[in-house]
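Coordinates in review
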Amino acid sequence: MKIKEILAKKEPMLSFEVFPPKTGDHYETVEKAAVEISRLKPAFMSVTYGAGGGTSQYTVDIASAVQAQGVTPLAHLTCVSSTREKVRSVLEELKRRKIENVLALRGDIPQDGKVEKDYRYASELIGEIRKNGDFCIGAACYPEGHVESANKEADIHYLKEKVEAGCDFVTTQMFFDNNILYNYLYRIREAGVTVPVVAGIMPVTSAAQIGRICRMSGTYLPSRFKAIVDRFGQNPAAMKQAGIAYATEQIIDLVANGVNGIHVYSMNKPDVAARIRENLSEILR
């Protein structure tokens, strides 16, 4: 099923994300986690794509495993370190596996700075996907602005380019203050961006995640969230419980305010996904 059709129902829905292993010796563990999360029957599950396409086959394989469980998969695809031939070969494999949904991303610049010259931006990848199959195409958006954008206005301009290239829906980067999303939705709608927006929520279950999150995205951390980390960060079990509770409260507030699409960055953790799903059992029936 295409994700744009799921979102068109305009009903509260929950999806989860998993990431493939970097090496084959961890594949079975990751696949097992993905299958376990799929048994929660989310609206869809996304499978990430390693830098430089190094995990492309694992991405497709795990997406297929999710699909075999009766759950719609969303395969990520990045382009900054991929040739046109590589992208087209992945798309052909997705078509062969009957995977209809692709999340088109530029991808992070590798530490060695080596990139290919076929694509510079996600909008170019979206155009390539649109020409090479009947895919439902998703893209990323950044309520706080992409760290490389000059300002938020420029960031919305790039979002419009993605939509004009053929993007069907967008998923946000993680955020911890829902007002940031509400303000962002107002601004992009005013700018003429009308595609569905899926809110990306990260349950922070360990204090170690915080540093990585801030380095990667510069995400604003509300004082209420900081207090949770300060109080429970050295107690792993308490931090996990508090992080899941905080994410759950975010989701409840989003749904109450008409944001129906919720995507949880579940980090290959079936127990975290299950506890969030259980917390929302009546809200997301």
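A short tour of the structure in this document, coming up.

Basis of the calculations
- Residues numbered from 1 in each chain as written.
- Predicted model: local features only at pLDDT ≥ 70, side-chain atom pairs only at ≥ 80, totals over all residues.
- Heavy atoms only, no water.
- Helix = DSSP H or I, 4+ residues; strand = E, 2+ residues; numbered from the N terminus.
- Buried < 20%, exposed > 50% of the residue type's maximum accessible area, 1.4 Å probe, protein only.
- Salt bridge = Lys/Arg side-chain N within 4 Å of Asp/Glu carboxyl O.
- Polar contact = N/O pair within 3.5 Å; in protein donor to acceptor, adjacent residues only side chain to side chain.
- Phe/Tyr/Trp six-rings, centres within 6.5 Å; stacked < 30°, edge-to-face > 60°.
- Lys NZ or Arg CZ within 6 Å of the ring centre and 35° of its normal.

1. Description of unusual backbone geometry
Phi angles above zero are rare outside glycine, and methionine 267 is one such case at about 55°. For methionine 267, the location among the structural elements is in the loop between β8 (261-264) and α11 (270-279). The partly exposed category is assigned to methionine 267, whose relative accessible area is 32%. Positive phi, normally seen in glycine, also occurs at asparagine 268, with a value near 60°. Tracing the backbone through its elements, the reader meets asparagine 268 in the loop between β8 and α11. Residue asparagine 268 is classed as buried on the basis of its relative accessible area of 15%.

2. Regarding the pattern of salt bridges
Counted under the stated rule, the structure contains twelve salt bridges. Ionic pairing is found between arginine 88 and glutamate 128, a salt bridge with its closest N-O pair at 2.6 Å. Here glutamate 128 lies in helix α5 (residues 122-131) and arginine 88 lies in helix α4 (residues 84-96), a separation of 40 residues in the sequence. As a salt-bridge pair, lysine 240 and aspartate 271 come within 2.3 Å of each other at their nearest N and O atoms. Here lysine 240, found in helix α10 (residues 236-256), pairs with aspartate 271, found in helix α11; they are 31 residues apart in sequence, far enough to count as distant. Classification of lysine 240 by relative accessible area gives partly exposed; the value is 24%.

3. A look at the environment of asparagine 268
C-alpha of asparagine 268 to C-alpha of threonine 29: the two residues are 239 residues apart in sequence and 9.4 Å apart in space. Reaching out from asparagine 268, the side chain makes a polar contact with the backbone nitrogen of phenylalanine 19 at a distance of 2.8 Å.

4. Details of the packing of aromatic side chains
What the rule picks out here adds up to four aromatic pairs. Seen in terms of ring centroids, phenylalanine 225 and tyrosine 246 are 5.1 Å apart; in terms of plane orientation they differ by 70°. Their pairing is edge-to-face. In this pair, phenylalanine 225 is assigned in helix α9 (residues 223-232) and tyrosine 246 in helix α10, connecting sequence segments 21 residues apart. Residues phenylalanine 225 and tyrosine 246 agree in their burial class; the two are buried. Here a set of aromatic residues connected by ring pairs shows up, and it is made of Phe176, Phe225 and Tyr246. Across from the ring centre of tyrosine 119, 4.8 Å away, lies the NZ or CZ of arginine 84, which sits over that ring.

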